[in-house]
Amino acid sequence: MRAVVQRVDGASVAVDGRVVGEIVGEGLCVLVGVTHDDTPERCAQLARKLWSLRILADEKSCSDVGAPLLVISQFTLYGDARKGRRPTWNAAAPGPVAEPLVDEVVARLRALGARVETGVFGADMKVSLTNNGPFTVLVEV
């Protein structure tokens, strides 16, 4: 499981011109990719990591300050463009495998006490954010 985590000062995701998820102020925008051997246990591990990652102001975490997270599925995180000019998606789990695992990450975050907004799995989404820093890290579990 792979996540691109951005410290943001507000972020939103829209589908068909309608905002479906939004966080205001300091928080994290998290793009989550799933590969074939990911499990619910990895979802729990990723959720704990995201909730406690100390990348907000003054080295605080979302759990420290109650900051929200916007979690968006993104299969392209497992794209491989090392050969040729067109990425391959072989390492990305198919939708029926990936969708419940992304939902599990969100459920685990909420169980930890996080306020989580989401996109729509498989939709053509427009993501807007203000990256604060800029600060972006890659997390793999």
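Before reading further, recall that the structure is shown in the block above.
Residues numbered from 1 in each chain as written. Predicted model: local features only at pLDDT ≥ 70, side-chain atom pairs only at ≥ 80, totals over all residues. Heavy atoms only, no water.

### Considering the environment of Val30
Defined as follows: Helix and strand definitions follow DSSP, with helices as H or I runs of at least four residues and strands as E runs of at least two, each counted in order from the N terminus. The classification of residues rests on relative accessible area computed with a 1.4 Å probe and restricted to protein chains. Under 20% of the type maximum is buried, over 50% is exposed, and intermediate values are partly exposed. Throughout, a contact is declared for two residues whenever any of their heavy atoms are within 4.5 Å.
Counting through the fold element by element, Val30 comes out in strand S2 (residues 18-33). What makes Val30 buried here is its relative accessible area of 0%. Sequence spacing of Val30 and Ala3 is 27 residues, and the spatial spacing of their C-alpha atoms is 6.3 Å. With near-sequence residues (within four places) excluded, Val30 lies in contact with Ala3, Val4, Val5, Leu50, Leu69, Leu70, Val71 and Ile72.

### With respect to the packing of aromatic side chains
Under the convention used in this document: Here a Phe, Tyr or Trp ring, Trp counted by its six-membered ring, pairs with any other such ring whose centre lies within 6.5 Å, and the pair is stacked when the planes are under 30 degrees apart, edge-to-face when over 60, and tilted otherwise.
Summed over all chains, the structure comprises 1 aromatic pair. A centroid spacing of 5.2 Å and a plane angle of 70° characterise the contact between Phe75 and Trp89, whose relative ring orientation is edge-to-face. Here Phe75 is found in the loop between strand S3 (69-73) and helix H3 (95-111), whereas its partner Trp89 is found in the loop between S3 and H3, with 14 residues between them in sequence. You can call Phe75 partly exposed: its relative accessible area is 48%.

### Looking at the side chain of Ser73
With respect to the secondary-structure elements, Ser73 resides in strand S3. When its relative accessible area of 17% is taken as the criterion, Ser73 is described as buried. Apart from the residues within four sequence positions on either side, Ser73 is in contact with Val32, Val102, Phe121, Gly122 and Met125.

### Re the pairing of S2
Basically, it comes down to this: A pair of strands is considered paired only if DSSP assigns at least 2 bridges between the two.
Relative to S2, strand S1 (residues 2-15) is paired through 13 bridges, and the arrangement is antiparallel. From the neighbouring strand, Ala14 faces S2, where its bridge partner is Val19. The turn linking S1 back onto S2 is made up of 2 residues, and Asp16 within it adopts a positive phi angle of 55°.

### Remarks on the pattern of salt bridges
Condition: One side-chain nitrogen of Lys or Arg within 4 Å of one carboxyl oxygen of Asp or Glu is enough to make a salt bridge.
Under the definition given, this model contains 7 salt bridges. Note that Glu104 is salt-bridged to Arg108, the shortest N-O span being 2.6 Å. Separated by 4 residues within a single helix, Glu104 and Arg108 lie in helix H3, roughly one turn from each other. Its relative accessible area of 32% is what places Arg108 among the partly exposed residues.

### Some points on the layout of surface pockets
Remark: the empty space left among the atoms is shown by a probe the size of a water molecule rolled over them. Defined as follows: With a 1 Å grid laid over protein atoms only, a set of points is called a cavity when a 1.4 Å probe fits there but cannot get out and a pocket when it is open yet has protein on both sides within 12 Å along at least five of seven lines; lining residues have an atom within 4 Å of a point. Grid points are joined across faces, edges and corners, and a volume is the space filled by probe spheres set on the points. In this classification, Asp, Glu, Lys and Arg are treated as charged, Ala, Val, Leu, Ile, Met, Phe, Trp, Tyr, Cys and Pro as nonpolar, and every other residue, Gly included, as polar.
In this structure, the largest pocket spans a volume of roughly 330 Å³. Lining of the largest pocket is provided by 20 residues; of these, Ser73, Gln74, Phe75, Gly122 and Met125 occupy positions nearest its centre. Elements that contribute at least two residues to the lining of the largest pocket include exactly S2, S3, H3 and strand S5 (125-140). Each residue belonging to the lining of the largest pocket can be placed in one class, and the counts come to 13 nonpolar, 6 polar and 1 charged.

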